[in-house]
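Structural description and commentary
Next come the chains, spelled out residue by residue.
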Amino acid sequence: MPARQQTEAAIGVDVGGTRIRAGRIDASGRILDRIIEPVVSNQEGFVSQILRMISTVQRPGDRRVGVGLPGRVRARSNEIISAGYLDIAGIDLATGIERQTGLSARLDNDAMMALLAEVHVADADDGDLALMVTVGTGIGGAIALAGKPWHGGDFAGQFGHIVVSETGPICNCGRTGCVETFSSGTALARLIKEAGFPEDTRAETLFCMAEQEDSTARAVLQTWAGPMQRALQTLVAVVDPDRIVIGGGLGAEMCRALHVLPENGSWFSTPIRPAKLGDDAGVIGAGLHALQEENV
Ligand SMILES: [Zn+2]
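Residues numbered from 1 in each chain as written. Predicted model: local features only at pLDDT ≥ 70, side-chain atom pairs only at ≥ 80, totals over all residues. Heavy atoms only, no water.

1. Quick notes on the sheet that holds strand S7 (residues 104–109)
Within a sheet, neighbouring strands are paired by backbone hydrogen bonds and run either parallel or antiparallel to one another. Read across the sheet, five strands follow the order S3-S2-S1-S4-S7 without closing on themselves; strand pairing throughout is mixed. Every other strand in the sheet has two partners, leaving strand S3 (31–38) and S7 as the edge strands with one partner each. When the angles between neighbouring strand axes are averaged without regard to direction, this sheet yields 15 degrees. Direction of pairing for strand S2 (residues 19–26) relative to S3: antiparallel, over a ladder of seven bridges. Note that in S3 the partner of Ile-25 across the bridge is Ile-31. Against the sheet, helix H9 (residues 281–291) makes contact with strand S1 (9–15), S2, S3, strand S4 (64–69) and S7, and its axis sits at roughly 135 degrees relative to S1, the strand it touches most. (Pairing = 2+ DSSP bridges. Helix = DSSP H or I, 4+ residues; strand = E, 2+ residues; numbered from the N terminus. Axes fitted to C-alpha atoms, helices over the stretch in contact; angles between N-to-C directions. Contact = heavy atoms within 4.5 Å.)

2. Brief notes about the coordination of the zinc ion
Here the zinc ion is held by His-161 (ND1), Cys-171 (SG), Cys-173 (SG) and Cys-178 (SG), and the distances to it run 2.0 to 2.3 Å. Classification of the site at the zinc ion rests on its four donor atoms, whose angles at the metal span 100 to 121 degrees, yielding the label tetrahedral. You can call Cys-173 partly exposed: its relative accessible area is 37%. (Donors = N, O, S within 2.8 Å, 3.2 Å for Na, K, Ca; no water. Tetrahedral: all angles 85-135°; square planar, octahedral: opposite > 155°, others 65-115°. Buried < 20%, exposed > 50% of the residue type's maximum accessible area, 1.4 Å probe, protein only.)

3. A short note on helix H7 (residues 215–239)
Relative to the 36 Å expected for 25 residues at 1.5 Å per residue, H7 spans 35 Å between its end C-alpha atoms, a close match to the ideal helical length. For H7, the principal kink sits at Ala-225 and spans about 30 degrees; a proline, Pro-227, occurs within the next four residues. Where H7 begins, the capping side chain belongs to Asp-214, and its oxygen is found 3.0 Å from the backbone nitrogen of Thr-216. Looking one or two places after H7, you find Asp-240, whose phi comes out positive at around 45 degrees. (Expected span 1.5 Å × (residues − 1). Bend = angle between axes of the 7 residues up to and from the residue. Polar contact = N/O pair within 3.5 Å; in protein donor to acceptor, adjacent residues only side chain to side chain.)

4. So, the packing of aromatic side chains
Enumeration over the complete set of coordinates arrives at zero aromatic pairs. Geometry around Phe-155 places Arg-72 over its ring, the cationic atom sitting 4.5 Å from the centre. In this structure, Arg-256 is placed above the aromatic ring of Phe-207, and the distance from its NZ or CZ to the ring centre is 4.1 Å. (Phe/Tyr/Trp six-rings, centres within 6.5 Å; stacked < 30°, edge-to-face > 60°. Lys NZ or Arg CZ within 6 Å of the ring centre and 35° of its normal.)

Next comes the structure, spelled out in structure tokens:
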């Protein structure tokens, strides 16, 4: 048997905010088979759900599974440090998966999985340095070097905690001025409310109003995206990446808002693009990540 088989597949699992996706992914990033279920958020239910979903898509000969989780994962040791709304911090999920399914499991942050899929599949060009910034309830991120995860010490890519102001709301990290407190989905909801718009106003509505010269809607979008622009310019100033993919539930909206900001006179060119693979990015990247295991 050759050491590497380009035709083989691995299982990818993406644990999202409301759903788990599990699929078989080939080396080109094609989804061969998949299932999607609402997440069972209590610990025991979650573990049995993920084991069952992996077993459902597993085929004879499969050897590996990649799992993307929200929160902080120490990827080199498969440790779950925190997992957002899921009560699974500290559990040894990888060993549980290996015992139950016989598959070698690799855990990582969900943004990392999405970034791997975006560079391998959407761009078909690993390039040198690619960054992902996710805009959802919070702001997350990931870094890939030549198509492989780059974690720094352990947790590189916490872009939500780039400080862009001396003042502002207290961040979850305990500091003041983090971009997450200004440019996340949570922050947009706050800005919408403070501007006097109905609480269920969507970003799309703000864009329509701004195009019709509604100055309040335009101000909300600019106040939301301006701090993100400063954070992205800081990233470019430090590492000058090939590309910055803006993903997450509000990634497309943030990209659009960034493009309508007034010029700020900076010499920085920020090579941003919206994520292209949508909800499939995480499960594809998790499968690709598992397939990369042979090379490390
Ligand atoms: Zn912070």
